[in-house]
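Survey of secondary and tertiary structure
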Amino acid sequence: MIREAPCTEVEPLLFALLEDEVDDGERERLTAHLRRCGACRRRLEQERELTHALAPAALRAAARSDGCAVGRRRIAWPLAAAAVLGVGLGIAVLSSSFGGRTAYGSIAPARYEPTLRLANGVNVALASHNHVVVPAAENDTIELLATGTLRVAGPAVIELDRAPETWKLVLLRGQVAATLLPGARLRVSSVHGARTLDGGVHLITMNPAWYADTAAAQEATPAELLQSGYTQFFQRADMASAEAAFRAAWKHPKATEEEQGRALFYLWSSVGRQERYDDAVALQTEWMKLHPDDPSYDYVLLFQGVYLRESGHEPEARAAWDEIVRRAKDEDLSAMARAYLGGTAATTPGATQGKPRARESVDRYVPDRLLPDGAGQVGTKVVVAYGLDPKNADHARFRKIAEKAVARDHAAFVDCADADFERLSKALRELLPEAVLFVLPPEALDVKLHRQVVLLSRSLDEDVFPDFTFGWFTARDGKSAEALWERTCETREKGLASKVWTSTFVTSGMKSCEYPNYGLDVVAAAGFERKALAFATRESDPAVLDFVHGNLKRLADAGVVSMTGNGDPQGIWLFDDARNADPKTHWPFDPARVGSDPKGEMPRILAAEFRKLELDRPVVWSGTCHSAATHRVFVEGDIVSTFGSSERTELYEMPLAESMGLSILDAGAVALLAPIGANHGYAVDLETEFALENGASLGEIVKSTWDDVFLQARGELTLVLPVAGGPPTYAGEPIMQGGGVNRVLLGDPTLRPFRATAVPRERTIIRAVRDAKSERSFDVVVEWDKGFHTRGWNLYSAKPTTSRRIAARVRLDDLLPAHAAARLAATLRVVDGKGEALEGFVLTHAEPEVFHGHRFLHLQANAPDKVLDETDVRATFSVTWRPVEAR
């Protein structure tokens, strides 16, 4: 006889039943209960509808096969730090789309890391029951689908349960700021009582008056001062205001001991962020005296060492880190402390503690990495006619270009008129291309398609890097595409039209002006005349548009144009992007209001202004977010100022005339290297240096950014594919890495307009090739002279202890026998220009790559901030290899 199951037992299993993740006994009991219980049948239908809305079947199946399901298990808290948001970056983390069992929302952590930056962490899906522990120095944003947003600043502990009608929150420690949607409800309880909250903004505290008397709860309290400080600290990054709020809470006569402790903790944090290190150290000492047994004690001690080093007290800093290592209460903090001490802490996968000689930074890279033999890769060029309707006369002009490209490059041709991505994937896997030219109408291109192709390109061989280059050949219409093709052929034949490299960038706190000889040293070394125009935001230069209108036409004589600054698909912003963080300035997304600015508060350099230019077929680089978007725009949190905000992913079908990217091509550019979504503008400098150092093709240039992303992720890159109407995107991936993948090429990937140029003050030397019976080796010596180095900032790293680097990409063709499979390993030694050992470096990457007849080794050593700028650096990577039989 089957045991009857009560409703309380059935409800938590309904989504598991939908996902076919219940055992036979559970299934029988659930089926019997559902036959007689209409309420549970209705809940089951609600679960089915929500599951269908949030996670398409293909995603759910993939998630189950990858072991990514969420549900009855408790939440894990992986933290992967990302670099701080900077110029040209506008990625706002809202919530995420999760596969597997139903995700009812997401938790997005932000943490104050030992690099003195705020770092975004990996997001976690909400299940029906969640026990959430928020540590000190962390602020978690919890998105409740169709309900609202909770912000929890640590230290705090809550229980969050999904009930049939609403969510239930049990506050066990700390406080929570809740912003609930109109009509939504949230049940709240603690040891002091219970309340039900309706739509609006609420501050949930442990104050007994909050549960007993709403009026009394409105009086100024330490909790409200703390919440104000959290908002200034984590959301607005206004450290002076945060300091004032935390100091007031710390000294409040009614503050509890716990509230005083939390206020003092964040007080030293906000003071430290203002670089008042001596003041911060004094506050830290006070906190540690009062809280010697607190779990965050070593965390505070780690920062105290950072502040002491920054203020010139090196012996005291080392003493603080030595204390952490001696106590060894937290493995991660101990590893960070050893890294600051200059030891060989294993702070990243693939790095283990070696045996250092006196004060040397030596580390062993394990496991050994397989360098495949590369057989089967023959450098095929492929042209894909994608989404071209044979009945559309304008599309016929695009197709004619595809046919010309096939004839020019003796390329294989793939006709994908139906835009069937699965069929396209199968064809490319069979062809193993080196370069792919996608010829397509602008309406067919979006960030989702681009990301799908990048992920496909990674999967064709065994290394961690993309396996072909590609570019999107498109334009506003067929006539414009034909003109772009003619410019491409002329540039292939004659080279760039001039040796003028003109940069534009957006700045603040000054007036707009011209900068002579502005740009990377390698640009001058390559023989280019450097020019630059600085466009100041309207807050410091009300006449900025006059300056733009008078000077933008000066781009006409450039062979290369580079542009950085915040922006959106329609244009470059000339206003402070802090508006993105101010909800009072936002409006609900409405296609009719996109880009509207009736009060003139958000001046932009719009697409129409670029389209009026007469460019002489330059290569154009852009770091402006979304500047390569052509028609289908997924509205994200970094462009809410001009596109509006929404609780879901909105798809805006932008008129082609509004596209900044298409307008730049209309104006006469031969190619555009730019982001199709959010990114960091520093990618322009990284790509520029790679282009000139290697004489690279345009496809190789953009691939270098993807290579960097996959290298830092060790090939295990997490990407979100946006879905219109789904949850907001990009919260489920490392923020910088996702932005790097968004870099695209609009143009021909085989175009090679630059000659190879040595980067000033940098040298890579191969020496000491050794040959033994069982093992062979060689040294790669990377020499960087004192000063700024473009690659010195590790933009796509997800760890705070690896924010600086010295790196090289070495060609192995002359060092290993052709087509021989081998296993590679490496050790590291770093010294200054005088041969004295440098502290703080850790070997993090020795990744081999096979790419169509050529083999490379990507080497990288990482260190904390400021190490590279202060002295000459000489890194010796000793690489060993042994032949293995090819599989």
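Please read these numbers as outputs of a predicted model, since none were measured by experiment.

**Re the overall build of the chain**
Each helix and strand counted, the chain has 26 helices and 38 strands in total. The buried share of the chain, reckoned over its 887 residues, is 59%. Taking contacts inside the chain between residues at least 6 apart in sequence as the whole, the part at least 24 apart equals 72%. When the accessible surface of the chain is summed, it comes to about 35,000 Å², and 51% of that surface belongs to carbon and sulfur atoms.

**Comments concerning helix H13 (residues 314–327)**
With 14 residues, H13 should reach 20 Å at 1.5 Å per residue; the first-to-last C-alpha distance of 20 Å fits that figure. Residues of H13 that are buried include every one of Ala317, Ala320, Trp321 and Ile324, and no others. Looking straight down H13, one finds its buried side chains confined to an arc of 90°; they lie on one side. Those residues of H13 that are exposed and aimed more than 90 degrees away from the buried face are Pro315 and Arg326. Those residues of H13 that are buried lie in contact with helix H12 (297–310) and helix H14 (331–341).

**Regarding the packing of helix H10 (residues 257–273) against helix H11 (residues 277–290)**
Across the interface, H10 lies against H11 with an axial gap of 8 Å and an inter-helix angle of 160°. The orientation of H10 with respect to H11, classified from their angle, is roughly antiparallel. The hand of the H10/H11 crossing is left-handed. Counted together, Gly261, Leu264, Phe265, Leu267, Trp268, Val271 and Gly272 of H10 and Tyr277, Asp279, Ala280, Leu283, Gln284, Glu286, Trp287 and Leu290 of H11 form the full contact between these two elements. Broken down by class, the residue content of the contact of H10 with H11 amounts to 10 nonpolar, 3 polar and 2 charged.

**Re the packing of aromatic side chains**
On inspection of all chains with the given rule, the structure shows 31 aromatic pairs. Plain terms: the ring middles of Phe505 and Tyr518 are 4.8 Å apart, the flat faces sit at 25° to each other, and that makes the pair stacked. On the criterion of sequence distance, the pair formed by Phe505 in strand S20 (residues 500–507) and Tyr518 in the loop between strand S21 (513–516) and helix H19 (521–525) is long-range, its members being 13 residues apart. On the basis of relative accessible area, Tyr518 is assigned to the partly exposed category, the value being 35%. Through pairs of rings, three or more aromatic residues link up here, namely Tyr230, Phe233, Phe246, Phe265, Tyr266, Trp268, Tyr277, Trp287, Tyr299, Phe303 and Tyr307. Against the face of Trp250 rests Lys251, its NZ or CZ located 4.0 Å from the ring centre. In this arrangement the basic side chain of Arg809 is found over the ring face of Phe856, its NZ or CZ atom lying 3.9 Å from the centre.

**A short note on the pattern of salt bridges**
Under the criterion given, the structure shown has 49 salt bridges. Here Glu847 and Arg714 are joined by a salt bridge, their closest N and O atoms 3.8 Å apart. Residue Glu847 is found in strand S36 (residues 842–851), and its partner Arg714 is found in the loop between helix H25 (698–712) and helix H26 (735–741); the two are separated by 133 residues along the sequence. Accessibility assignment for this pair places Glu847 and Arg714 in one class, buried. Salt bridges here are not isolated pairs; linked through shared partners, they connect Glu243, Arg247, Arg276 and Asp279.

**Structural notes on the sheet that holds S36**
Ordered by their spatial adjacency, 3 strands build an open sheet running S34-S37-S36, and the pairing between neighbours is antiparallel. Of all the strands in the sheet, just strand S34 (804–811) and S36 have a single pairing partner and so form its edges. On average, adjacent strands in this sheet sit at an angle of 15° to one another, irrespective of strand direction. Direction of pairing for S36 relative to strand S37 (residues 854–863): antiparallel, over a ladder of 9 bridges. Note on S37: the bridge partner recorded for Leu843 is Ala861. Relative to the sheet, H25 contacts S34, S36 and S37, its axis offset from that of S36 by approximately 130°.

**Some details on the side chain of Thr166**
Tracing the backbone shows Thr166 in the loop between strand S7 (156–162) and strand S8 (167–173). In this structure the side chain of Thr166 is engaged in a polar contact, spanning 2.3 Å, whose partner is the backbone oxygen of Arg185.

**Quick word on the environment of Ala578**
Structurally, Ala578 can be placed in the loop between strand S25 (571–573) and strand S26 (604–606). Judged by relative accessible area, which is 43%, Ala578 ranks as partly exposed. Between the C-alpha atoms of Ala578 and Arg236, which are 342 residues apart in sequence, the distance is 8.0 Å.

**Some points on unusual backbone geometry**
Note the cis peptide between Gly154 and Pro155, where omega equals 5°. For Asn517, which is not glycine, the phi dihedral falls at a positive 55°. Judged by its relative accessible area of 54%, Asn517 falls in the exposed class. Of note in this structure, His852 is not a glycine but carries a positive phi near 50°. Topologically, His852 is positioned in the loop between S36 and S37. On the basis of relative accessibility, which here comes to 8%, the residue His852 falls in the buried class.

**Quick word on the environment of Thr827**
Position of Thr827 among the secondary structure elements: in strand S35 (residues 822–831). Classification of Thr827 by relative accessible area gives partly exposed; the value is 25%. Residues Thr827 and Thr880, 53 residues apart in the sequence, show an inter-C-alpha distance of 8.6 Å.

**Side note on the pairing of strand S19 (residues 469–473)**
The buried count for S19 comes to 5 of 5 residues, which makes it a mostly enclosed element. Side chains Thr469, Gly471 and Phe473 of S19 all project onto a buried face; the interleaved residues Phe470 and Trp472 project onto the opposite face, where all are buried too. Traced from strand S18 (residues 433–439) through helix H17 (residues 447–457) to S19, the parallel crossover comes out right-handed.

**Focus: the confidence of the model for the chain**
Per-chain confidence: the chain averages 83 in pLDDT, with 82% of residues scoring 70 or above. Note that residues 49–102 has pLDDT below 50 and, in this model, 159 contacts with residues that lie over four places away or in other chains. Counting interchain partners and residues more than four positions distant, the pLDDT-below-50 stretch residues 343–365 has 74 contacts.

**What to know about the packing of H13 against H14**
Viewed as axis vectors pointing N to C, H13 and H14 meet at an angle of 145°, and their least axial separation amounts to 8 Å. Handedness of the crossing formed by H13 with H14: left-handed. Taking contact as the criterion, the partners of Arg318, Trp321, Asp322, Ile324 and Val325 in H13 are, on H14, Leu333, Ser334, Ala337, Arg338, Tyr340 and Leu341. Grouping the constituent residues of the contact of H13 with H14 by class yields 7 nonpolar, 1 polar and 3 charged.

**Remarks on the sheet that holds strand S11 (residues 193–197)**
Taken in spatial order, the 5 strands of this open sheet run S4-S7-S8-S10-S11, and their pairing is mixed. In this open sheet, the two strands that pair with only one neighbour each are strand S4 (129–134) and S11. Between one strand axis and the next, the sheet turns by 20° as a mean value, whatever way the strands run. Across 6 bridges, the pairing between S4 and S7 is antiparallel. Counted as the bridge partner of His129 is Asp161 from S7.

How each quantity is defined
- Residues numbered from 1 in each chain as written.
- Predicted model: local features only at pLDDT ≥ 70, side-chain atom pairs only at ≥ 80, totals over all residues.
- Heavy atoms only, no water.
- Helix = DSSP H or I, 4+ residues; strand = E, 2+ residues; numbered from the N terminus.
- Buried < 20%, exposed > 50% of the residue type's maximum accessible area, 1.4 Å probe, protein only.
- Contact = heavy atoms within 4.5 Å.
- Areas by Shrake-Rupley, 256 points an atom, 1.4 Å probe, with all protein chains shown as cover.
- Expected span 1.5 Å × (residues − 1).
- Arc of directions from axis to C-beta.
- Axes fitted to C-alpha atoms, helices over the stretch in contact; angles between N-to-C directions.
- Parallel < 35°, antiparallel > 145°, perpendicular 65-115°, else oblique.
- Left-handed = near helix turned anticlockwise from the far one by under 90°.
- Nonpolar A, V, L, I, M, F, W, Y, C, P; charged D, E, K, R; others polar.
- Phe/Tyr/Trp six-rings, centres within 6.5 Å; stacked < 30°, edge-to-face > 60°.
- Lys NZ or Arg CZ within 6 Å of the ring centre and 35° of its normal.
- Salt bridge = Lys/Arg side-chain N within 4 Å of Asp/Glu carboxyl O.
- Pairing = 2+ DSSP bridges.
- Polar contact = N/O pair within 3.5 Å; in protein donor to acceptor, adjacent residues only side chain to side chain.
- Right-handed = clockwise from strand over helix to strand, strands pointing away.
- pLDDT = per-residue confidence, 0-100.

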